[in-house]
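Chain residues, written in single-letter form:
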Amino acid sequence: MDPVIIVGAGLAGYTLARELRKLAPEAPITLVTADSGALYSKPMLSNALAQGHTAQALVQSNAREQAAKLNLDLKPHCAATAIQAPEHVLETESGRLPYRHLVLALGARPRQPGFAGQEHVLSVNHLDDYARLRARLAPGAHVAIIGAGLVGCEFANDLAIGGHAVTLLETSARPLERMAPAGISRRLQDGLSGLGVQWHCGSGVASLRSQDDGYEITLENGTRLHADLVLSATGLVPETALAESAGLRVARGILVDHQLACSAPDIHALGDCAEVAGLLLPYVLPLMQQARTLAAILSGTPSRLTLPALPVAVKTPACPLVLCPPAAGAEGAWHCERDDGAGAIYRFQGADDKLLGFALAGDACGQRRQLAGFAPALLA
Ligand SMILES: Cc1cc2nc3c(=O)[nH]c(=O)nc-3n(C[C@H](O)[C@H](O)[C@H](O)COP(=O)(O)OP(=O)(O)OC[C@H]3O[C@@H](n4cnc5c(N)ncnc54)[C@H](O)[C@@H]3O)c2cc1C
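Asker: It is not clear to me how the pairing of strand β13 (residues 198–201) should be interpreted in this structure. Could you clarify?
Answerer: Moving residue by residue along a regular strand, the side chains alternate between the two faces of the sheet. Inspection of the sheet shows strand β12 (residues 165–170) paired to β13 by four bridges, in the parallel sense. From the neighbouring strand, E170 faces β13, where its bridge partner is C201. At this point the chain moves from β12, through helix α5 (residues 182–193), to the parallel β13, and the crossover so formed is right-handed.

This is the structure in C-alpha cells:
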C-alpha cells in the first residue's frame, strides 16, 4: 500500500504524524522535509535569547529519533519539487514518491519588507534563522525591529531583558493595532519602554543602508537611525508555490475545506500554509486541532474541523497579555471593563452587547478560559 506522505516537519507535520500514528499504528507514513527534521517548539524562538539558549538546546529530538519514535520513513534535507496529482506522485529532490494521501504542511515564509536594502534584514521563522541571529548578536548590540506586532514585541522584550538596546519601528500609530484596543497597546508600550525599548510609530521604513559599523535606517518621515542589526517581524506569507504549480486552488493560502481537503483528490493541507474555509490560522492551537481532525479522516473516520475561540498569549513578561481579537470586519467597538495598575479587561462588543472578542492584561489574563467560553467560535 502506498504511504500517506506528509511534506513538512514543523509542528503541523509532526503533530499530524503523531496523531495519525495513534489511530493507525501500522499504516505506512513518509515524512519529507526540506530542513533537518529536528523537532522544536517554534514559539520558543521569541523567548529564548535572554535565557541564553542555543539553537541546538531548543531541539527536542532529531530526525532519526523522530523516525524511530513515530515509525516514519523520514527524508530530511529533501525538498518536494512538484506534485503529479492525477498520478498520485510527489516529486522530490531525491526521486518520485507515490502516495495514497498527500498532506502539505509547508508553513509560511517571512514577508519581504519591500524597501531598498531589505536584503540586510534578518527574520526569524525557523530554528536555523534563530541560530543566525544569535551568531550575529554581539553583547549589548543595538537591534532595530521592524514591526510591532505579536512577534516583534516578543523579540523586543526578549532582547531587552538580554541586555540589548532595542528600537521598535512600526508603520501604524501603535503596537498590536490590528489585534488589540488602544489601552492595551499603551500598556504594552509602557511595559517595554520600562525595559529601555525605544519607539518610532507612525512611519514606515524607507530604506536601509549597510555601513562599516552597522546599518543606517531611514524612515518615511525622514528620521535616520543607526543599528547594529535589523530584524524584520512584518508577518508571514503562506507557502503556496508547490500547490499552485500543481494546479491546486490557492488564495492567500492553500485553500482547504472543513475536512482540510485541497481542490484535488487525496491532497490535504494544514498549518501555516493552509487557508481553512477562508481563514488563515497561523497559531499552534488551531494546527493541533487540524491535525487531530485530519488524522481521523485519513484513518477512515469522517470528521469536520470546528474551532472554538482560541485566545493567544503574548509572551511579553514586561506586560503579559492574552488576545482574542474579533473576526475581520466584525461590527462593534472595544469597551474597557477595567484598566488599573494590576491588569486590564477590554471587551469587543457587537449588537446587543454581544461579546465578539476580548483583550486581557496582567492579573486579568487568568480569565481567558471563562471569557473564551462566551466568545464566538473561530470556525463553526
Ligand atoms: C517567533 C515566533 C513565535 C511564535 N509564537 C507563537 C505563540 O506564542 N503561540 C502560537 O500559537 N503561535 C506562535 N507562533 C506561530 C506558530 O509557531 C506557527 O503557527 C507554527 O509553528 C507553524 O507550524 P507549521 O508546521 O505550519 O509551519 P513551519 O514550522 O514553518 O514548518 C514548515 C515545514 O515545511 C518544510 N517545507 C517547506 N517547503 C517545503 C518543500 N517544498 N519540501 C519539503 N519541505 C518543505 C519546512 O522545512 C518546515 O519543516 C510563533 C511563530 C514565530 C515565528
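Once you've had a look at it, read on.
Asker: When you look at the nonpolar core in this model, what are you seeing that I'm missing?
Answerer: What tends to happen in soluble globular proteins is that the nonpolar side chains get buried as a cluster. Core analysis: the largest hydrophobic core is formed by 111 residues, its most contacted members being L16, V103, L104, I145, I254, A269 and L270. With seven residues, the single largest contributor to this core is helix α4 (residues 150–161).

Asker: How should the sheet that holds strand β8 (residues 95–98) be read in this particular structure?
Answerer: Consider a sheet: its strands pair through backbone hydrogen bonds, and that pairing is either parallel or antiparallel. Pairing is antiparallel in the open sheet, where three strands are placed in the order β6-β7-β8. The two strands at the open ends of the sheet, each matched to only one other strand, are β6 (80–84) and β8. On average, adjacent strands in this sheet sit at an angle of 25 degrees to one another, irrespective of strand direction. Of the strand pairs in this sheet, β6 and strand β7 (residues 89–92) are connected by four bridges, and their pairing is antiparallel. Within β7, the residue paired with I83 across the bridge is L90.

Asker: How should the site of the ligand be read in this particular structure?
Answerer: What surrounds the ligand is a group of 35 residues, the closest being G8, G10, A12, G107 and G271. Of all the elements in the fold, those that place two or more residues in the shell around the ligand are α1 (11–23) and α7 (284–298). For the shell around the ligand, the class distribution of residues is 22 nonpolar, eight polar and five charged. Here the shell around the ligand spans two domains, and each of domain 1 (4–109 + 236–298) and domain 2 (112–232) adds at least three residues to it.

Conventions we followed
- Along each chain, residues carry numbers from 1 onward, in the same order as the chain's sequence is written.
- The predicted origin of the model limits local features to residues at a pLDDT of at least 70 and limits the giving and counting of side-chain atom pairs to 80 or more, whereas totals for whole chains, interfaces and linings rest on all residues.
- Should DSSP find at least two bridges between two strands, the strands are taken to pair.
- Working definition: helices are DSSP H or I runs of at least four residues, strands are E runs of at least two. Numbering for both runs from the N terminus.
- The handedness rule is simple: strands pointing away from the viewer, and a clockwise path from the first strand over the helix to the second, make the crossover right-handed.
- Definition of nonpolar core: a set of buried Ala, Val, Leu, Ile, Met, Phe, Trp, Tyr and Cys residues joined via C-beta atoms within 7 Å.
- To assign burial, the other C-beta atoms lying within 10 Å of each residue's own C-beta are counted, with C-beta atoms placed from the backbone; 20 or more indicates buried, 12 or fewer indicates exposed, and intermediate counts indicate partly exposed.
- For helices, the axis comes from a line fit to the C-alpha atoms of the stretch in contact; other axes are also lines fit to C-alpha atoms, and the angle between any two N-to-C directions lies between 0 and 180 degrees.
- We call a residue near a molecule or strand when the C-beta position, derived from backbone atoms, sits within 6 Å of it.
- Amino acids outside the nonpolar list (Ala, Val, Leu, Ile, Met, Phe, Trp, Tyr, Cys, Pro) and the charged list (Asp, Glu, Lys, Arg) are all regarded as polar, and Gly is one of them.
- Where a domain begins and ends is set by an automatic assignment or by a domain database.

Interpretation note: all reported values are geometric properties and have no functional meaning in isolation.
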